[in-house]
Amino acid sequence: MRVLPIRDQITIARRFAMNLESDRTVDCLIVGGGPAGLTAAIYLSRFRRTLAIVDEGFSRAALIPVSHNLPGYPDGIAGPQLLALLRAQARRYEATPRTGVVTGIRLLTDGRFSASIEAASRSEQIVARNVLLATGVCDIEPKLPNLDHAIRQGYVRHCVICDGFEVIDLNIGVIGYGASGLKEALFLRTYTDRLTLFTLGEAMSLSDRERDDAQAAGIRVIETPVIEVSTEANRVVALRLEDGSEHAFDSLYSALGCGVNSALGSKLGARTEETEGTGALIVDAHQRTSVPGLYAAGECHRRPESNRRGVCRCRHRCDGNP
Ligand SMILES: Cc1cc2nc3c(=O)[nH]c(=O)nc-3n(C[C@H](O)[C@H](O)[C@H](O)COP(=O)(O)OP(=O)(O)OC[C@H]3O[C@@H](n4cnc5c(N)ncnc54)[C@H](O)[C@@H]3O)c2cc1C
């Protein structure tokens, strides 16, 4: 048997080690398995890129009772069904999300990323040449007595852009305050003139001009704290206030905004939006953040030239982003 010189043996061993390493390195790690992450997974797999997709399993889409604004579904589609279809489509290309939480991402000296994943059974590391954050946002829910159940059942609406059409001419309660609460109520004015804004005891704090706008639009503002929420069948029907009065309506919107899950990106040094105080990841026209190899899609990102992020506007933050 011919024995290779030691130098060649070392070279071959190094190459083998590099291959092993590159075999284990995926082209892209996708964090988040909501509509944005799954859409990216379908596209990237069809581009024959290797990928890993990790999802904690709290997509906002799972809360959609029936969506009527998604093109291609004339009779509407429920959020869980949409997610199941997207997952089934991704699976065709062997892009199956694994359940877990990406707890941190490190930038390696050679420009790759190393992500720590915590799953129920074990923790693991994934090394990727690129990372796409599709981590979404989380709604800031109103602190109301016995409302937890109503929120979990989806009795409280969160997105006027998505389902304002469904409340045409109905009597609507909006929970919110300040300029952002008023903005949401004014947007709803497109659909109905029966609007009451409940501030849950917070001061409305509007400028004279904003107060005039509210008055001109016929929006009632109630600053008295709410002490009870009544639900009936599958909706919130009334709020009882501290002064004993009860206000009935057909549907209730929460306009308290949401926080952006962008901490994984901001910890890597990616630029985030500060002007609206949301912490959304700023990307360019190719979804690139300010960190090479780090991308963002879906509700967790924002393009500076656009005021829209995904399909929902958000004004607050809740995951401790700077
Ligand atoms: C009640 C309600 C009704 C709505 N109705 C409509 C509608 O009719 N039409 C419409 O277009 N939109 C609607 N929306 C908005 C829609 O749900 C969102 O626009 C959409 O889900 C955003 O997709 P996304 O992939 O960006 O984020 P998400 O769907 O929120 O997915 C993000 C995923 O990332 C995961 N994640 C986050 N951090 C990590 C981490 N560190 N590690 C692993 N996983 C992580 C989350 O658990 C989640 O699964 C509605 C939203 C709500 C709440």
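Residues numbered from 1 in each chain as written. Predicted model: local features only at pLDDT ≥ 70, side-chain atom pairs only at ≥ 80, totals over all residues. Heavy atoms only, no water.

1. Here's the deal with the overall build of the protein
Reasoning step 1: Of regular secondary structure, the protein possesses 8 helices and 19 strands.
Reasoning step 2: Considering the protein as a whole, with its 322 residues, one finds that 43% of them fall into the buried category.
Reasoning step 3: Taking all contacts inside the protein whose residues are at least 6 apart in sequence as the whole, residues at least 24 apart take part in 56%. (Helix = DSSP H or I, 4+ residues; strand = E, 2+ residues; numbered from the N terminus. Buried < 20%, exposed > 50% of the residue type's maximum accessible area, 1.4 Å probe, protein only. Contact = heavy atoms within 4.5 Å.)

2. Topic: unusual backbone geometry
Reasoning step 1: With phi around 60 degrees, glutamate 94 is a residue other than glycine that occupies positive phi space.
Reasoning step 2: Residue placement: glutamate 94 occurs in the loop between helix H3 (79-91) and strand S3 (98-99).
Reasoning step 3: In this structure, leucine 200 is a non-glycine residue whose phi angle is positive, near 55 degrees.
Reasoning step 4: Here leucine 200 shows up in the loop between strand S10 (194-198) and helix H7 (208-216).

3. Some points on the packing of helix H2 (residues 35-46) against H3
Describing two packed helices takes the angle between their axes plus the distance from one axis to the other.
Reasoning step 1: Two elements in contact, H2 and H3, have axes separated by 9 Å at closest approach and are oriented at 20 degrees. Classified by the angle their axes make, H2 and H3 are roughly parallel. Two packed elements cross with a definite hand, and for H2 against H3 that hand is left-handed. For the pair formed by H2 and H3, the contact residues are Pro35, Leu38, Thr39 and Ile42 on the first element and Leu83, Leu86, Arg87, Gln89 and Ala90 on the second.
Reasoning step 2: Taken together, the residues that form the contact of H2 with H3 break down as 6 nonpolar, 2 polar and 1 charged. (Axes fitted to C-alpha atoms, helices over the stretch in contact; angles between N-to-C directions. Parallel < 35°, antiparallel > 145°, perpendicular 65-115°, else oblique. Left-handed = near helix turned anticlockwise from the far one by under 90°. Nonpolar A, V, L, I, M, F, W, Y, C, P; charged D, E, K, R; others polar.)

4. Some words on the site of the ligand
Reasoning step 1: Around the ligand sit 31 residues in total, of which Asp55, Phe58, Ser59, Asn69 and Glu299 are the nearest.
Reasoning step 2: Here an oxygen atom of the ligand sits 2.9 Å away from a polar atom, N or O, in the side chain of serine 67.
Reasoning step 3: Between an oxygen atom of the ligand and a main-chain N or O atom of glutamate 299, the distance comes to 2.9 Å.
Reasoning step 4: When contributions to the shell around the ligand are tallied by element, the ones reaching two or more residues are H2, strand S2 (51-55) and strand S4 (101-107).
Reasoning step 5: Partitioning the shell around the ligand into residue classes produces 14 nonpolar, 12 polar and 5 charged. (Near = heavy atom within 4 Å. Polar contact = N/O pair within 3.5 Å; in protein donor to acceptor, adjacent residues only side chain to side chain.)

5. Description of the pairing of S4
Reasoning step 1: Of the strand pairs in this sheet, S4 and strand S5 (residues 113-118) are connected by 6 bridges, and their pairing is antiparallel. By the bridge assignment for S5, isoleucine 105 is matched with alanine 115.
Reasoning step 2: What sits between the antiparallel neighbours S4 and S5 is a turn of 5 residues, in which glycine 111 has the positive phi angle 95 degrees. (Pairing = 2+ DSSP bridges.)

6. Digging into the state of the cysteines
Reasoning step 1: For the structure shown, the criterion picks out 1 disulfide.
Reasoning step 2: The partner cysteine of cysteine 159 in its disulfide is cysteine 162, sulfur to sulfur 2.3 Å. Every disulfide takes its handedness from the sign of the S-S torsion; for cysteine 159 and cysteine 162 that torsion is 70 degrees, giving right-handed. (Disulfide = S-S within 2.5 Å.)

7. Considering the pattern of salt bridges
Opposite charge on two side chains permits pairing when their charged atoms draw close.
Reasoning step 1: Applying the stated criterion across every chain yields a total of 9 salt bridges.
Reasoning step 2: With a shortest N-O distance of 2.7 Å, arginine 60 and aspartate 139 are connected by a salt bridge. One end of the pair, arginine 60, is in the loop between S2 and H3; the other, aspartate 139, is in strand S7 (residues 137-139), and 79 residues separate them in sequence.
Reasoning step 3: Salt bridges linked by common partners bring Arg60, Asp139 and Glu299 together as one network. (Salt bridge = Lys/Arg side-chain N within 4 Å of Asp/Glu carboxyl O.)

8. Some words on the side chain of threonine 196
Reasoning step 1: Relative to the elements of secondary structure, threonine 196 occurs in strand S10.
Reasoning step 2: Judged by relative accessible area, threonine 196 falls into the buried class, the value being 7%.
Reasoning step 3: When near neighbours in sequence (up to four residues on either side) are disregarded, threonine 196 contacts Ile172, Gly173, Val174, Arg220 and Ile222.

9. Thoughts on the layout of surface pockets
Reasoning step 1: Estimated volume of the second largest pocket: approximately 420 Å³.
Reasoning step 2: Counting only elements with at least two residues in the lining of the second largest pocket, the list comes to strand S1 (25-31), H2 and strand S6 (123-133).
Reasoning step 3: If you tally residues by element for the lining of the second largest pocket, the top one is H2, at 6 residues.
Reasoning step 4: Counted by class, the lining of the second largest pocket contains 10 nonpolar, 5 polar and 2 charged residues. (1 Å grid on protein atoms, 1.4 Å probe; cavity = no way out; pocket = protein on both sides within 12 Å on 5 of 7 lines; lining within 4 Å. Points joined across faces, edges and corners; volume = space filled by probe spheres on them.)

10. Quick word on the environment of alanine 128
Reasoning step 1: Relative to the helices and strands, alanine 128 resides in strand S6.
Reasoning step 2: Alanine 128 sits 98 residues away from isoleucine 30 along the chain, and the two C-alpha atoms are 9.5 Å apart.
Reasoning step 3: The residues touching alanine 128, leaving out its near neighbours within four places in the chain, are Thr25, Val26, Cys28, Leu29, Arg112 and Phe113.

11. Focus on the nonpolar core
Reasoning step 1: Membership of the largest hydrophobic core comes to 27 residues, with the highest contact counts inside it found for Leu29, Val31, Val102, Ile105, Val131, Leu133 and Leu294.
Reasoning step 2: Of all the elements in the fold, those that place two or more residues in this core are S1, S2, S4, S5, S6, strand S16 (258-260) and strand S18 (294-296).
Reasoning step 3: Per-element tally for this core: the top contributor is S6, with 4 residues.
Reasoning step 4: Once residues lying within four places of it in the same chain are set aside, the contact partners of valine 102 are Val31, Val54, Ala115, Ser116, Ile117 and Leu264. (Core = buried A, V, L, I, M, F, W, Y, C linked by side-chain atoms within 4.5 Å.)

12. Some thoughts on the packing of aromatic side chains
Reasoning step 1: Scanning the model with the defined rule gives 3 aromatic pairs in all.
Reasoning step 2: On the numbers, 6.3 Å between centres and 70 degrees between planes, the contact of tyrosine 43 with phenylalanine 47 is edge-to-face.
Reasoning step 3: A relative accessible area of 54% places tyrosine 43 in the exposed class.
Reasoning step 4: Note on phenylalanine 47: relative accessible area 51%, which makes it exposed.
Reasoning step 5: Where phenylalanine 187 meets tyrosine 191, the ring centres are 6.3 Å apart and the plane angle is 75 degrees; that geometry is what we call edge-to-face.
Reasoning step 6: Classification of phenylalanine 187 by relative accessible area gives partly exposed; the value is 37%. (Phe/Tyr/Trp six-rings, centres within 6.5 Å; stacked < 30°, edge-to-face > 60°.)

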